[in-house]
Structure formats: C-alpha cells, structure tokens
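For reference, the chains in residue letters:
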Amino acid sequence: MKRNQKARHLEIYCSCGLKLLKYKKGSGRRLVKVHRDRISKDYSGVFINNYADENTDIFCPQCGARIATVKLISGKYVNKLNQGKIGLIKG
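Throughout this description, residue numbers start from 1 for each chain and increase along the sequence as written. Restriction of local features to residues with pLDDT of at least 70 applies here, the model being predicted, together with a cutoff of 80 or more for giving and counting side-chain atom pairs; totals for whole chains, interfaces and linings are based on all residues. Think of the side-chain values as coming from all heavy atoms in the structure, minus any hydrogens and water.

Participant: Could you give an account of the pattern of salt bridges, with specific residues and numbers?
Facilitator: Just to be clear on terms, a salt bridge is a Lys or Arg side-chain nitrogen sitting within 4 Å of an Asp or Glu carboxyl oxygen. Throughout the structure, instances matching the rule amount to one salt bridge. Between Lys19 and Glu11 there is a salt bridge, with its nearest N and O atoms 3.7 Å apart. Buried means the residue's accessible area, taken with a 1.4 Å probe over protein chains only, is under 20% of the maximum for its type, while exposed means over 50%, and partly exposed covers the values in between. According to the relative accessible area criterion, Lys19 is partly exposed, its value standing at 29%.

As structure tokens, then:
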C-alpha cells in the first residue's frame, strides 16, 4: 500500500450473515482481492491460516458457499472474492 493513501478498515460478511474478517484496505475502488498481510482479524478462521495452492476455493463455514478463490497475482497469493456471495461490507 502506498504511503500517501488513507487506509480504511472494513468488516466483511458472507451473504448468509456470518462475519468473516476485518480488513485494512487502501483508498480506491471496490474490494476484489484480499491480501493476507492486510487482514486485521479473521473471525471465521478460513482466510489467515489458509496456505492453499492456486485455484483452491474457500468456502463459508456456515452456509458452505464459495466466498473466494486463491490466486497468484504479481508473485503473491491473494484471495479473490466471489462478489455474488459476499454480503454486507461495513466501513
């Protein structure tokens, strides 16, 4: 994240209502990718300790919906969110 950007802390929920994580996002557009080093708190335990291979799906522990897919982007493993299953994002 660039130094002159102001970070926002977002709380991300699944569409079923389960609180997934608290994430520090830089200014800009919508949330598409979740970088592991920017996760402040992982309430569900499925993101921060997930060292799965590329193209592995991450599922919601409550409803079983696919909420993200692990991708290799610019040499880093990131979790690309499934926009259809991510519910409320509070900032």
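Participant: Quick rundown of the sheet that holds strand E6 (residues 66-73)? Include the residues and the values.
Facilitator: When DSSP finds two or more bridges between a pair of strands, those strands are recorded as paired. Only DSSP runs of H or I covering at least 4 residues are called helices, and only runs of E covering at least 2 are called strands; the numbering of each starts at the N terminus. Taken in spatial order, the four strands make up an open sheet running E3-E7-E6-E5, and their pairing is antiparallel. Each end of this open sheet is capped by a strand with a single partner; those strands are strand E3 (33-35) and strand E5 (57-59). Between one strand and the next, the sheet's axes are offset by a mean angle of 35°, whatever the strand orientation. For E5 and E6, the ladder comprises three bridges, and the chain directions are antiparallel. Bridging across to E6, Phe59 finds its partner in Arg66. Axes, fitted as lines to C-alpha atoms, cover a helix only where it is in contact. Angles between the N-to-C directions of the axes lie from 0 to 180 degrees.

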